[in-house]
Structures are given as structure tokens and as C-alpha cells.
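If you want the building blocks of each chain, they are given just below.
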Amino acid sequence: MSHELIPDALWTGDYYNEGTGRSDIFDTLKEECGVFGVFGHPDAASLSYYGLHALQHRGEESAGICVSDGEGEDFNYHRGMGLVKEVFDRDKLESLKGSMSIGHVRYSTSGDSRLANAQPLVFKYREGNLAIATNGNIVNEPKLRRELEQQGSIFQTTSDTEVIAHLIARSPKDFVEAAKDALQRLVGGFAFLLMTNDRLLVASDPNGLRPLTMGRLGDAYVFASETCAFEVIGAETVRDIAPGELLILDKDGLREERYTSPGRKALCAMEYIYFSRPDSDLNGSNLHSARKRMGSRMAIESFVDADVVTGVPDSSISAAIGYAEQTGIPYELGLIKNKYTGRTFIQPSQELREQGVKMKLSAVRRVVEGKRVVMIDDSIVRGTTSRRIVNLLREAGATEVHVRITSPPFKNPCFYGIDTPDRKELIASSKTVEEICQEINADSLSFLSPEGLITAIGGYDEASFKGGLCLACFDNDYPTPVDFGGDEKMSCSC
């Protein structure tokens, strides 16, 4: 992934990622959250810990777990700022007793990084306790919040997730029917886990924009944003949660219902391109294999003669292997990622900030020196870091650098849970491919076509619209109503 540098961005907290929101010095596109749930296992908290650890790439800013034993009046929960391993220790996990749990890892946006917004959010209302964890974004949250405040609701957080709690609490219906009514009022992309003392509800938005999967571990049910979380706990993947579906788990077992009719299937394409781990599966398609096919398709669409192929680590390695296999050009490890550049950075000087990419990536001179290099990456956001990576290869002696991007040009902001810059900051929204090529100092530049992307991902009914994907960030065709309202910065606030 191109980690775009914001030259004037400094984090304000004690460590990297504390309070930064999207003002990250590497400016990655961020998947905002990951969720994990357990129903019917005596070690629910421990399973959630390991599940969240596997989902850590989906949110590095805060983590939380809430558990219920199905009998007590109060939840046991713990939340904190930081990585999963920093938030939880043995004593904290041992204090979280119960057979049902929901957990969450989170990024924030717009600097709104504080413990009050860490999930699961926990509330008390007339029917008892309620805990909520979600991945995604509610597009109509500002309208709903204003309406609820006018009716007397007092919000405790700036998280859009709190809206559904108020909608449920104000309903005269029982919990399940109130939840259905509340979900029907939401517009956006979301995967919800809602837990009371004795019941767990699991819901996906009507378009299936955000991933959510069910698994089994013995007699227990588990739920996660990605299947890689099941592997670490030894669970078996059962199926994806369908768009508009509501699962109800209680003492009577599992009930499969719907709270609304499904819309057109529109799973976020960036899950395949970048966000999900390569060992995860989405809709029956393995991510590593899908990315290899993207690279292969890229080679078919935009072949260039070269000496070596290299991928920008980590998300583009699979695609680079696919490109190399298709062309017969050797794949080489031309770029190395420094795995220790994250939360432990000291605040850098201006000079180091200008060299931010070098703190995270290094070119392998003996591999690229005197060579024509094909550099595979998954997307270009602002373009500044793509230019720096190209220049890294040139400084290491590459005679030519040809950039191949395994997605279409990223032109439009996301409103469904990905932290993206405003449209005007996206280089592809205002420049042609030729102009971007010059901007990043490449010898040539090509993007994967939308048709190539859909074909490479596979695993869908060919009759499905756009392969069952949301491609709005590429083609401006949003699957839900979107009110820009003069401010296009509306990504995840969960």
C-alpha cells in the first residue's frame, strides 16, 4: 500500500497512532475497525483476545472486550487505548468471566481518538445491559443524531455507533424488534454485534458492504470481520452473514432472520485489494489467490519488458508474484519493510519526516541496481509516497521503474468505513494517468481496469452487478444514498 506522507503532520500523543486519526505520517488508507464475537463458550474472553489479535491490522488505536455470563446483572468489560496485547494482560482476561462476548479493534478519524469512543460501547437501559461493537459507517448518522437530540437523547460519545443504542432504547418494542426497527433506519455500510445479558444479535447492512463471517468451535458460535481470526482459535468457517440478515442467539439456539430485504450486493473492493489479510477468505475467495490473479491480470493488460518484479510490502507481494508468474520475469524482494516503525516511533524532526518513507521501506540495492524494475502496488492515494518509493528504487540503482497498480484509479472518497482523504486530495481525481506518472517520477504507469479487477476476484455469480462489489471509490457509483453536504470527509466514526 502506498503510505502517503503528510509533510506537516505530527502526532499529538505520546506514541505513534495516539490521537492521530487520519493525520498519520504514512497516510495509509485505514480500515476503521474489526469485530469478533463468541456465543456459548466458557472461555469467550480468551477466544476474543486471540481473535482480535488476528484482526489487529484492522485497527491499532484501541481495543475492547465485553462479556456476559448470561446470569449476572452487570457486564464485565475492559477497553483501552493501544494494541490488543497492550490493552489486555492475563489478570484482565481472567476477570472477564462469561460464555458470551463481543470484541473490537478500532481506528479513529479526524483526531477523535479517546477512550470514550473505544468499543464495545456499553449502556444501561430499561431492559438491562446493552453492548455494541461495529465495523463501518452510518451515512445518515448526523441526521439521526440531531433528531434524537431534539427528542431528548443525551449522547456520551461522538461515535456514530451510539445512535443505534438510542434508537433501541427509545423504542417501546422488545429488544429484537426494537433492534430490527433501528437497523432499518440506518443508511451506510456496517457489521453489528449487539449483546444483552442473555442474547447476541449479529447484523449486516443491506448491501453487505462490510465483511462479517460466522464460524463454529465445537458447540459455540463465533463471528469475525475476517476468517483469519477463526484459524487462530481453531474454529471452522461456516458462512458469510448475508446482506440485511439478522442472527439471534440465545438460550434457544440460533435463529436466522432478516430485518430488511437485501439490496444489491456491494462488498467493499478494497477488502480484496488491500485491507483483509492474505490468509482470509471472502465470499469463498482466498485473498492471496485473488491478489495473485490481480497481478496476473495486470500483466495481461499492461505488460512491460523488465528484469525484475517487486511488490510494495506487505499487501502487494501476492500481486507481484502473480505478475511475475504471468510474465516470466523473476520476482525479487526489491523492497524491504521495517516492521518496527509503528507505535514506538519517537516524534521525528522535520528532516526525518521528509524522509518518512525511508523509515518504513528500504530498497535492496543488490537486487535492483542496474535493473529495469516493475514495481507492483495496490493503489495510489495522494501520490507523494509513490514518488518517494520510485525514487528509493532509482537511488538504489534501478535504471527504469515501471509502476503497476492492481486497482483502478482511486478518485472518490469512501463513506462506508474507510478513512480516505477528501476528493480534492486524491491525485487521480484531478490528474490523468500520464500526469500521475510524471508526478511519481515513473517510466510508465498503468492501473488495473474495473473489468480486470472483477474478473480477478472471482467467486461471484457472473450475473451479479459489478461482481457483487462496491467500486464507488473508483467509479463514483455509491450503492446507497450519499449526502455530500459540502463536506466529503465522512468516513468511519465508529
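Here is what the cut-offs are and how they apply
Residues numbered from 1 in each chain as written. Predicted model: local features only at pLDDT ≥ 70, side-chain atom pairs only at ≥ 80, totals over all residues. Heavy atoms only, no water. UniProt positions renumbered as here; feature names shortened; annotations may be inferred. Helix = DSSP H or I, 4+ residues; strand = E, 2+ residues; numbered from the N terminus. Contact = heavy atoms within 4.5 Å. Phe/Tyr/Trp six-rings, centres within 6.5 Å; stacked < 30°, edge-to-face > 60°. Buried < 20%, exposed > 50% of the residue type's maximum accessible area, 1.4 Å probe, protein only. Lys NZ or Arg CZ within 6 Å of the ring centre and 35° of its normal. Pairing = 2+ DSSP bridges. Axes fitted to C-alpha atoms, helices over the stretch in contact; angles between N-to-C directions.

Where an unreviewed UniProt entry is consulted, the protein chain appears under the name Amidophosphoribosyltransferase, with the organism given as Paenibacillus campinasensis. Heading Function (unreviewed entry) of the UniProt record for the protein chain holds this comment: "Catalyzes the formation of phosphoribosylamine from phosphoribosylpyrophosphate (PRPP) and glutamine." Word for word, the UniProt comment on the protein chain under Sequence similarities (unreviewed entry) is "In the C-terminal section; belongs to the purine/pyrimidine phosphoribosyltransferase family."

For the rest of this paragraph, the subject is the UniProt feature "binding site: [4Fe-4S] cluster" (unreviewed entry) in the protein chain. Here, UniProt's "binding site: [4Fe-4S] cluster" (unreviewed entry) annotation points to Cys 268, Cys 414, Cys 470 and Cys 473. For this annotated set, covering 206 residues, all C-alpha atoms fall within 10.1 Å of each other, a compact arrangement in space. In this structure, Cys 268 sits in strand β15 (residues 267–268). For Cys 268, the contacting residues outside a window of four places in its chain are Leu 209, Arg 210, Ile 418 and Cys 470. On the secondary structure map, Cys 473 appears in helix α17 (residues 472–475). Excluding its chain neighbours within four sequence positions, the residues that come into contact with Cys 473 are Met 270, Pro 409, Phe 410, Lys 411 and Asn 412.

On to the packing of aromatic side chains. Tallied over the full model, the rule gives 7 aromatic pairs. Their ring planes at 85° and their centres at 6.4 Å tell us that Tyr 49 and Phe 88 sit as a pair that is edge-to-face. Residue Tyr 49 is found in helix α1 (residues 44–54), and its partner Phe 88 is found in the loop between α2 (84–87) and α3 (90–95); the two are separated by 39 residues along the sequence. Here Tyr 49 and Phe 88 have matching classes, each one buried. Ring pairing ties together the aromatic residues Tyr 49, Tyr 50 and Phe 88, which thus form one cluster. Above the plane of the ring of Phe 155 lies Arg 145, whose end atom (NZ or CZ) is 4.2 Å from the centre. The positively charged end of Arg 216 is found above the aromatic ring belonging to Tyr 221, 4.0 Å away from the centroid.

For the rest of this paragraph, the subject is the sheet that holds strand β7 (residues 128–138). Across the sheet, which stays open at both edges, the 6 strands sit in the order β6-β7-β8-β9-β13-β14 with antiparallel pairing between neighbours. Of all strands in the sheet, those bounded by a partner on one side alone are β6 (121–125) and β14 (253–258). Mean inter-strand twist for the sheet, computed between neighbouring axes without regard to direction, equals 20°. Contacting β6, β7 and β8 (188–195), helix α5 (residues 162–170) crosses the sheet at an angle of about 15° to β6.

So, on to the sheet that holds strand β18 (residues 308–311). Spatial ordering of the open sheet is given by β18-β21-β22-β24, a layout of 4 strands whose pairing is parallel. In this open sheet, the two edge strands, each paired with only one partner strand, are β18 and β24 (444–447). Within this sheet the neighbouring strands show an average axis-to-axis angle of 20°, counted without direction. In terms of strand pairing, strand β22 (residues 400–405) meets β24 through 4 bridges, oriented parallel. Counted as the bridge partner of Val 403 is Leu 445 from β24. Across the sheet, helix α10 (residues 317–327) is in contact with β18, β21 (372–377) and β22; its angle to β18 comes to roughly 160°. Of the strands in this sheet, β21 and β22 are in contact with helix α14 (residues 384–395), which crosses β22 at around 150°.

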